[in-house]
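# An overview of the molecular structure
For reference, the chains in residue letters:
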Amino acid sequence: MKRIRVGMVGYKFMGKAHSHAYRDIPMFFPNAILPVMQTVCGRDVEGVATAAKQFGWNGYVTDWKELVRHNDIDLIDINAPSDIHKDIALAAAEAGKHIFCEKPLALTLKDAREMLAAAETAGVKHMIGFNYRFAPAVQLARKLIQEGRLGQIYHFRGWFLQDWIIDPAFPLVWRLQKKIAGSGSHGDLGAHIIDLAHFLVGDMREVIGMSETFIKERLLPDSMSGLSAKGNDNAEKGPVTVDDATLFLARFENGALGSFEATRFAAGHRCTNAFEINGSKGSVKFDFERMNELQVYFTDDREDVQGFRRVLATDPAHAYAEAWWPPGHTIGFEHTFIHETLELLQAIAEDRQPEPNFRDGVKCQQVLEAVDLSIAEKRWVRTEEL
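Residues numbered from 1 in each chain as written. Predicted model: local features only at pLDDT ≥ 70, side-chain atom pairs only at ≥ 80, totals over all residues. Heavy atoms only, no water.

### Concerning the pairing of strand E7 (residues 153-161)
Pairing of E7 with strand E15 (residues 272-279), which is carried by eight bridges, proceeds in the antiparallel orientation. The residue of E15 that forms the bridge with Phe-160 is Asn-273. Judged from the seven bridges that link them, E7 and strand E14 (residues 257-263) form a sheet pairing that is parallel. Residue pairing for E14: His-155 is matched across the bridge by Leu-257. (Pairing = 2+ DSSP bridges. Helix = DSSP H or I, 4+ residues; strand = E, 2+ residues; numbered from the N terminus.)

### Side note on the pattern of salt bridges
Side chains that differ in sign of charge can pair as their charged atoms come close. Evaluated as defined, the whole model comprises 27 salt bridges. Here Asp-188 ties to Arg-175 by a salt bridge, and the two come within 3.6 Å at their closest N and O atoms. Of this pair, Asp-188 sits in helix H8 (residues 185-200) while Arg-175 sits in the loop between E7 and helix H7 (178-181), placing them 13 residues apart in sequence. On the basis of relative accessible area, Asp-188 is assigned to the buried category, the value being 13%. Take Arg-175: its relative accessible area is 14%, and that puts it in the buried class. Where Glu-384 meets Arg-382, a salt bridge forms, and the shortest distance between an N and an O atom there is 3.2 Å. Judged by its relative accessible area of 34%, Arg-382 is partly exposed. When salt bridges with common partners are traced through the structure, they connect Lys-103, Arg-175, Asp-188 and Arg-264 into a single cluster. (Salt bridge = Lys/Arg side-chain N within 4 Å of Asp/Glu carboxyl O. Buried < 20%, exposed > 50% of the residue type's maximum accessible area, 1.4 Å probe, protein only.)

### Digging into the sheet that holds strand E6 (residues 126-129)
Pairing is parallel in the open sheet, where six strands are placed in the order E3-E2-E1-E4-E5-E6. Sheet topology places strand E3 (59-61) and E6 at the edges, where each strand pairs with a single neighbour. Strand-to-strand twist in this sheet, taken as the mean axis angle between neighbours without regard to direction, amounts to 25 degrees. Pairing geometry for strand E1 (residues 3-9) and strand E4 (residues 75-78), over four bridges, is parallel. Bridge assignment links Val-6 to a residue of E4, and that residue is Leu-75. (Axes fitted to C-alpha atoms, helices over the stretch in contact; angles between N-to-C directions.)

### A word on the sheet that holds strand E13 (residues 245-252)
Strands sit in the order E18-E17-E16-E15-E7-E14-E13-E8-E19 across an open sheet of nine strands; the sheet is mixed. The open sheet has two edge strands, strand E18 (309-312) and strand E19 (381-382), and neither has a second partner. Sheet analysis places strand E8 (residues 204-212) next to E19, joined by two bridges and oriented antiparallel. When the sheet's bridge partners are listed, Glu-206 is paired in E19 with Arg-382. Lying on the sheet, H8 is in contact with E7, E8, E13, E14 and E15; it crosses E14 at an angle near 150 degrees. Packed onto the sheet, helix H10 (residues 358-377) meets E8, E13 and E19 and runs at close to 60 degrees relative to E8. (Contact = heavy atoms within 4.5 Å.)

### Observations concerning helix H4 (residues 85-94)
For H4, the complete set of buried residues consists of His-85, Lys-86, Ile-88, Ala-89, Ala-92 and Ala-93. Down the axis of H4, the buried set is contained in an arc of 165 degrees. They therefore lie on one face. Of the surrounding secondary structure, the elements contacted by the buried residues of H4 are E1, helix H3 (64-69), E4, strand E5 (98-102) and helix H5 (109-122). Looking at the residues trailing H4, positive phi occurs at Gly-96, about 75 degrees. (Arc of directions from axis to C-beta.)

### Topic: unusual backbone geometry
The phi angle of most residues is negative, glycine excepted, and most peptide bonds adopt the trans form. For the peptide bond that leads from Lys-103 to Pro-104, omega is -10 degrees, which places it in the cis range. Structurally, the position occupied by Pro-104 is in the loop between E5 and H5. One non-glycine residue with positive phi stands out, namely Asp-351, at about 55 degrees. Within the element layout of this structure, Asp-351 appears in the loop between helix H9 (333-350) and H10. The phi torsion at Lys-378 lies on the positive side, around 55 degrees, for a residue other than glycine.

### Thoughts on the packing of aromatic side chains
For the structure shown, the criterion picks out 19 aromatic pairs. With a centroid separation of 4.2 Å and 35 degrees between ring planes, the pair formed by Phe-28 and Trp-324 is classed as tilted. Here Phe-28 is found in helix H1 (residues 13-28), whereas its partner Trp-324 is found in the loop between E18 and H9, with 296 residues between them in sequence. In this structure Phe-28 comes out as buried when scored by relative accessible area, which is 15%. Taken together, the aromatic side chains of Phe-13, Tyr-132, Phe-160, Phe-288, Phe-333 and Phe-337 make up a single cluster linked through ring pairs. Sitting over the ring of Phe-308, Lys-285 keeps its end group 4.1 Å from the ring centre. (Phe/Tyr/Trp six-rings, centres within 6.5 Å; stacked < 30°, edge-to-face > 60°. Lys NZ or Arg CZ within 6 Å of the ring centre and 35° of its normal.)

See the structure below:
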């Protein structure tokens, strides 16, 4: 196969990121299967027509069911709101299309498992959008851990901090409604930290958590797009039905301890997606706001030079770096989607499942719901209970 014809559902924040990846893959990774931007789908005909022209899609439709039936589509890309992920994925699997779905995979663990089963029964490739795995500095952290250079892992602490809804006048966007989003900061931000922990340290055995919704009601929006929205002071209010912040502790299967914090109420933090991992031989620290850097410490350094060192992950020795710029010339958020899409295309070419896939999405959803159960019942919950 020399090319993959893509049909994409959704065209706003994530739709733009995915479109950018499809357009740049041939320039920087010319040996990859060519992604053909065939058709984009959105409910608003004017909006999706504008997006199709701006992003470079060959055509557009307003009904995802029509899109899935198209014979000229090989891959369905789902970046619409979370409440529609399951229906589109099931239809795509039944139609024999490969599937690329943004996280969280579904609103519930039951639905996520159903999506995985459908994709496996259909024999299609399936991928979930945990793009932060694909920052070269994160790949370096994994390499150091897998090679044993940090020794036995004792601690993972992760935090994803934002502040975009801290203003009480910010409208009630769909991400603040449980029936559409599934959860708030927990499923939106916490899912990424959970996946990074799985990717870097391993599976979790048990969890205990707490959460809070600080602002219970918000004005209904006049319009919304991505992470922005407009409203007016005269609008009616509606209830916020998701968490504003969730924190939890975890024990990993390998004995390591974990702490996790996800909040949209951390003033001054725009996108602080960060982790620190401590092992018997060293530690690493990462912050996505400085995504090209990994802080590394080794215990066997001589005493007079011990301390965290800044490693700029832009040299040819680092993942994906040879495709980009000379050492020291950094990359950005959009490149994580390019690397993620490259993994999907390579997996299709090699006839294997990409990583991360729906199995990783199910595993993440299992932890999310274990934390929710822990909060509801005020106890430690083993992930195997769900």
